[in-house]
Amino acid sequence: MELLKQKILSAGRPKNNNVLLVDSFINHQVDIELMQAIGQEFAHYYAEKGITRIVTVESSGIAPAAMTALALKLPLVILKKQSSRILDEDILQTTVHSFTKGTKYELTLKHEFMPKGERVLLIDDFLASGDAAVGVHTLITQAGAQLYGIGIVIEKAFQGGHERLQAMGCDVYSLARIRSMNENQIEFMDE
Ligand code: 5GP
């Protein structure tokens, strides 16, 4: 997506070779027109795929996921990051390693918001190792639903997540795929 790539080049700040800071347009301040265009692009790609529900992980995935849900006119469910396990029959949890913080959290879903048989699209801001998306896949599967697609705003293609998610059988669509980066340069994959 050309508009997004231009924004990454003009406003993205590589912290090092592994982490890209996007807090001026996604993570802290939000470029809402760009988010709307992102939502429309995901809606266009996944329009005919029979999706019935959108999920995301709090908090940076919420803006692009909300715009996608609006464009597809589908319900949106935000998976929570809890610091500890909750013992409750209606709560599903799985432990996920946080790429940016180096800590662990309990990815949490209330079963009532994910009825059995739903065909689900995950929208998230970044794809790195794929741990967050694998955790989402675990919870959706436990709920008796299917994670059909995974729409990613920015993929760091050199961190292995894409292959892991495709191996789970998901339809992965990334709007910008970074081949490599350092403090001075960001290089995208050819399309
Ligand atoms: P993964 O689980 O695929 O390793 O990492 C995905 C999650 O980590 C994303 O939801 C995002 O919150 C965070 N993340 C991974 N890499 C980056 C990055 O380079 N920049 C920012 N801002 N967040 C990242």
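The coordinates are above.
Reading the values: the criteria
- Residues numbered from 1 in each chain as written.
- Predicted model: local features only at pLDDT ≥ 70, side-chain atom pairs only at ≥ 80, totals over all residues.
- Heavy atoms only, no water.
- Helix = DSSP H or I, 4+ residues; strand = E, 2+ residues; numbered from the N terminus.
- Buried < 20%, exposed > 50% of the residue type's maximum accessible area, 1.4 Å probe, protein only.
- Contact = heavy atoms within 4.5 Å.
- Axes fitted to C-alpha atoms, helices over the stretch in contact; angles between N-to-C directions.
- Left-handed = near helix turned anticlockwise from the far one by under 90°.
- Nonpolar A, V, L, I, M, F, W, Y, C, P; charged D, E, K, R; others polar.
- Salt bridge = Lys/Arg side-chain N within 4 Å of Asp/Glu carboxyl O.
- Expected span 1.5 Å × (residues − 1).
- Arc of directions from axis to C-beta.
- Near = heavy atom within 4 Å.
- Polar contact = N/O pair within 3.5 Å; in protein donor to acceptor, adjacent residues only side chain to side chain.
- Parallel < 35°, antiparallel > 145°, perpendicular 65-115°, else oblique.

Caption draft 1: The overall build of the chain, seen in detail. For the chain, the helix and strand inventory stands at five helices and ten strands. The C-alpha extent of the chain, read off along each of the three principal axes, is 50 × 35 × 30 Å. Residues classed as buried in the chain amount to 47% of the 191 residues present. Partitioning the contacts of the chain with sequence separation of at least 6, the portion at a separation of at least 24 is 63%.

Caption draft 2: Structural context of the packing of helix α1 (residues 2-11) against helix α2 (residues 32-46). Running from N to C, α1 and α2 cross one another at 145°; their axes reach a closest spacing of 10 Å. Considering the relative orientation of α1 and α2, their crossing is left-handed. Across the interface between the two elements, Leu 3, Leu 4 and Lys 7 of α1 pack against Leu 34, Ala 37 and Ile 38 of α2. Here the residues of the contact of α1 with α2 sort into five nonpolar, no polar and one charged.

Caption draft 3: Representation of the pattern of salt bridges in the model. Scanning the model with the defined rule gives eight salt bridges in all. A salt bridge links Glu 155 to Arg 177; the nearest nitrogen and oxygen atoms lie 2.9 Å apart. Here Glu 155 is found in strand β8 (residues 146-156), whereas its partner Arg 177 is found in strand β9 (residues 171-182), with 22 residues between them in sequence. Given the relative accessible area of 1%, Glu 155 is considered buried. Under the relative-accessibility criterion, Arg 177 is labelled partly exposed at 26%. Its salt-bridge partner being Arg 179, residue Glu 187 comes within 2.9 Å of it at the nearest N-O pair. Residue classification places Arg 179 among the partly exposed residues on the basis of a relative accessible area of 33%. Look at the salt bridges and you will find they share partners, linking Arg 179, Glu 187 and Asp 190 into a network.

Caption draft 4: Molecular detail of helix α4 (residues 131-142). A rise of 1.5 Å per residue sets the reference length of α4, with its twelve residues, at 16 Å; its end C-alpha atoms lie 17 Å apart and thus fit the reference within 8%. If you check which residues of α4 are buried, you get Ala 133, Gly 135, Val 136, Leu 139 and Ile 140. The arc that holds every buried residue of α4, seen down its axis, measures 155°, which confines them to one face. One or two residues past the end of α4 sits Gly 144, with phi positive at roughly 85°.

Caption draft 5: The arrangement of the site of the ligand in detail. Lining the immediate surroundings of the ligand are 16 residues, of which Leu 20, Ser 129, Gly 130, Ala 132 and Lys 156 lie closest. For the ligand, an oxygen atom lies 3.2 Å from a polar atom in the backbone of Asp 131. At the level of elements, β7 (119-127) and α4 are the ones that each hand at least two residues to the shell around the ligand. Looking at which element gives the most residues to the shell around the ligand, the answer is β7, with four residues.

Caption draft 6: Region of interest: the packing of α2 against helix α3 (residues 62-72). Packing of α2 against α3 leaves a shortest axis separation of 7 Å and a crossing angle of 50°. Viewed along their axes, α2 and α3 adopt a mutual orientation that is oblique. The element α2 and its partner α3 pack so that their crossing is right-handed. Two secondary-structure elements touch here, α2 through Ile 32, Met 35, Gln 36, Ile 38, Gly 39, Gln 40, Phe 42 and Ala 43 and α3 through Ala 63, Pro 64, Met 67, Thr 68, Ala 71 and Leu 72. Counted by class, the contact of α2 with α3 contains ten nonpolar, four polar and no charged residues.

Caption draft 7: Main features of the side chain of Glu 118. Among the secondary structure elements, Glu 118 is positioned in the loop between β6 (104-110) and β7. On the basis of relative accessible area, Glu 118 is assigned to the buried category, the value being 16%. Within the structure, the side chain of Glu 118 is placed 2.8 Å from the side chain of Thr 52, a separation counted as a polar contact. Those residues in contact with Glu 118, other than ones at most four positions away along the chain, are Thr 52, Arg 53, Ala 145 and Gln 146.

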